[in-house]
Protein chains: 2
Amino acid sequence: MEHNLKEFFDKALKEVSLDCTVFGFHEGELKVLLLRWKGTDGWSLPGGHILLDESADDAANRILTQRTGLNDVYLQQFYTFGNVNRYTYHPEKELLEKLEATFGKGFFDGIIFRRVVSIGYYALVEFDQVQPTPDWFTDECRWWSLADVPNLLFDHNEMIERALKALRQHTRNHPIGYNLLPEKFTMPELQRLYETILDRQFDRRNFQKLLMSYDILERLDEKRVGAANKSPYLYRFVKEKYDEAVAAGVSFSM
Amino acid sequence: MEHNLKEFFDKALKEVSLDCTVFGFHEGELKVLLLRWKGTDGWSLPGGHILLDESADDAANRILTQRTGLNDVYLQQFYTFGNVNRYTYHPEKELLEKLEATFGKGFFDGIIFRRVVSIGYYALVEFDQVQPTPDWFTDECRWWSLADVPNLLFDHNEMIERALKALRQHTRNHPIGYNLLPEKFTMPELQRLYETILDRQFDRRNFQKLLMSYDILERLDEKRVGAANKSPYLYRFVKEKYDEAVAAGVSFSM
DNA sequence: TTTTCTTTGTGTAAAATTTACGCATTGAAA
DNA sequence: TTTCAATGCGTAAATTTTACACAAAGAAAA
């Protein structure tokens, strides 16, 4: 489908797109997936258009499956970006010229560089499971540490900011971790995740107490060995209880 | 502009619309503004399309000014509705036939009954200040108590539900009232507002203590007279402090 | 093999916040 | 003048959140 862009666009909404901030957690840091546009050093978020017979949520899922190789990605719509000149926020002449050189003059005018409203989603994924895959417009797809994210095309820096804000808001009212951590993890690892997202430190004893009070975690009889210290227990989420707690909401009050 | 629909649509985004849930507070109840479509008894939320040279927020403001006579309405985008068949959720044959009779067969196909993604906003307004005004498609605009809202056209019942959810969420994390109450109000009136939105009762002594702790209210030397009981003091919001508290966020923890 | 060093596992007391509640006062209506 | 419902104000109890210390484990260093 991606090989035949014109044909694809005939079956898609042209005035609406969607963009996804894909969060992964790796080496104690939050990372996001970015794409580098062909023949340039301009980066953007993964995104795309909605097919006429497809809901926005389905489109987000389809696009993320293409970019990550994952099938059922945790997705959350958080804001719709409707400014008039969203697509010219980053008007580096040089970059635009390179794009024109690659894709042909005027090629974008009817597709990319027009008035488009974009629905913002964020996704939470297991870092290790992702196979970053570029799309038709790009030739590189890779993780970036949140702190290192460069100036992006369009309004995508603002998108990431808002996505992070929404993720933080979510984290204060719902359990988190199922989609970001591997199946088994230690309590300190879970704590790092919370600390990274909320950008705060917690007392490990109080953290453990609070998380266990949610009744969504199961401590296994295994420990993580190999480090030069006491081996910590491994935990895993009890999916049913976790889902209940997500639905009911829990306030992370620390 | 509304008199020349075709001309308007030539200058607007066709695949994107927006709909507003306008909340007012009157006689201890939350009310929403609804429009009745010409020649039918089908009701919907106020909404419209975005002009090509106008941001989504500006469009929402313009549309609400038209519907309410108010100028700077408090608006909050809360969700974008992107299902494929949003506009046929309410497929009462009889109603559709009436619409065709009024507007001409096939008239809507290119405008209303096509695949459209709709950005949902909610608005908070002072009930008494509103001049409900129908639009080109409708011939009645009036308030409905939340509890009495009928089956609406399109997916608008779902929109109201989600708007209310978003409003509740907002109320738990920010002060509220400036846009919903008249300039001067009593503490019991403010408390009713909170109780109505959150659908819970509060102890009036604790409520007063908490609200005063936010340091956003000023007690006036006036009292509301006329009722068969002790006259309560009047309060008003100190706009600057209120805005600060909105920006910083306060947790309404009762 | 022993020692060292870092990290984990666990429980309790203090502080802060939230909840519960009583009584005197006001003002219109009876 | 009395009655009655609602307001204004303050304190005690309950709950939640925060702070904090010491023993044990396990790899690495000596």
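Residue numbers run consecutively from 1 along every chain, following the written order of its sequence. Key to labels: chains lettered from A, ligands numbered from 1, both in the order written. The predicted nature of this model means local features are confined to residues of pLDDT at least 70 and side-chain atom pairs, given and counted, to a pLDDT of 80 or more, with totals for whole chains, interfaces and linings taken over all residues. The basis for every side-chain value is the complete set of heavy atoms in the structure, and neither hydrogens nor water enter the calculation.

Novice: How would you summarise the domain arrangement of chain A if you had to cite specific residues and measurements?
Specialist: Residues and elements named next belong to chain A. Each assigned domain of chain A is listed here: domain 1 (5-172) and domain 2 (176-248). Note that the domain bounds reflect an automated or database-derived domain assignment. Between the C-alpha centres of domain 1 and domain 2 there is a distance of 30 Å. Two residues qualify as a contact provided that any one of their heavy atoms is within 4.5 Å of a heavy atom in the partner residue. Counting from both sides, the interface comprises 15 residues of domain 1 and, opposite them, 14 residues of domain 2. Approximately 1,200 Å² of surface area, both sides summed, lies buried where domain 1 meets domain 2, with 71% of it carried by carbon and sulfur atoms. Throughout, buried area stands for the accessible area (probe radius 1.4 Å) lost by two parts on being put together, summed over both. Interface area lost by domain 1 to domain 2 is led by Phe25, Glu126 and Thr171, which between them contribute 44%. When a carboxyl oxygen of Asp or Glu lies within 4 Å of a side-chain nitrogen of Lys or Arg, that pair is called a salt bridge. Here domain 1 and domain 2 share zero salt bridges between them. Throughout this description, a polar contact denotes any pair of N or O atoms lying within 3.5 Å of each other; where both atoms belong to protein, one of them has to be capable of donating a hydrogen while the other can accept it, and for residues adjacent in sequence the pair is counted only when both atoms sit in side chains. Seen at the junction of domain 1 and domain 2, the total is three residue pairs in polar contact (both at pLDDT 80 or more). Elements with a contribution of two residues or more to the side of domain 1 that touches domain 2: strand 1 (12-26), strand 2 (29-37) and helix 4 (156-173). Only DSSP runs of H or I with at least four residues qualify as helices, and only runs of E with at least two residues qualify as strands; both kinds are numbered from the N terminus onward. Top element by residues in the side of domain 1 that touches domain 2 is helix 4. It accounts for five residues.

Novice: I'd like a description of the packing of aromatic side chains, backed by residues and values.
Specialist: Each aromatic pair joins two rings of Phe, Tyr and Trp (for Trp, the six-membered one) with centres within 6.5 Å, and gets the label stacked for planes under 30 degrees apart, edge-to-face for over 60, and tilted for any other angle. Going through the model one piece at a time under the given rule, you end up with 42 aromatic pairs over all chains. Consider the rings of Phe103 of chain A and Phe137 of chain A, whose centres lie 5.9 Å apart with planes at 55°: the pair is tilted. Of the two residues, Phe103 of chain A sits in helix 3 (residues 93-103) while Phe137 of chain A sits in the loop between strand 6 (117-124) and strand 7 (138-145), which places them 34 residues apart along the sequence. Put simply, the rings of Phe23, Phe78, Tyr79, Phe81 and Tyr122 of chain A touch in pairs and so form one group of aromatic residues. In this scheme, the term charge over a ring applies when either NZ of a lysine or CZ of an arginine sits within 6 Å of the ring centre and within 35 degrees of the ring normal. Looking at Lys223 of chain A, its charged tip hangs above the ring of Tyr233 of chain A, at a distance of 4.5 Å from the centre. Taking NZ or CZ as reference, Lys239 of chain B lies 5.1 Å from the ring centre of Tyr178 of chain B, over its face.

Novice: Please provide a residue-by-residue account of the pattern of salt bridges, values included.
Specialist: Across all of its chains, the model carries 30 salt bridges over all chains by this definition. Beyond isolated ion pairs, a larger network of salt bridges with shared partners links Arg36, Asp139, Glu140 and Arg142 of chain A.

Novice: Could you give an account of the sheet that holds strand 9 (residues 217-223) of chain B, with specific residues and numbers?
Specialist: Sheet strands associate in pairs through backbone hydrogen bonding, adopting either a parallel or an antiparallel arrangement. Only strands that DSSP links by at least two bridges are regarded as paired with each other. Spatially, 8-10-9 (chain B) is the arrangement adopted by the three strands of the open sheet, whose pairing is antiparallel. Two strands close off the open sheet at either side, each with one partner strand: strand 8 (185-186) and strand 9 of chain B.

Novice: Please set out the side chain of Asp19 of chain A residue by residue, giving values where relevant.
Specialist: By the element assignment, Asp19 of chain A lies in strand 1. Its relative accessible area of 7% is what places Asp19 of chain A among the buried residues. Only protein chains enter the calculation, and the probe is 1.4 Å; a residue is then buried if its accessible area is under 20% of its type maximum, exposed if over 50%, and partly exposed in between.

Novice: Break down the sheet that holds strand 8 (residues 185-186) of chain A for me, citing the residues and quoting the values.
Specialist: Residues and elements named next belong to chain A. If you walk across this open sheet you meet the three strands as 8-10-9, and the pairing is antiparallel. The sheet is open, and its two borders are formed by strand 8 and strand 9 (217-223), each paired with just one other strand. As paired elements, strand 8 and strand 10 (residues 233-237) share two bridges and run antiparallel to each other. Residue pairing in the sheet places Thr186 in a bridge with Leu234 of strand 10.

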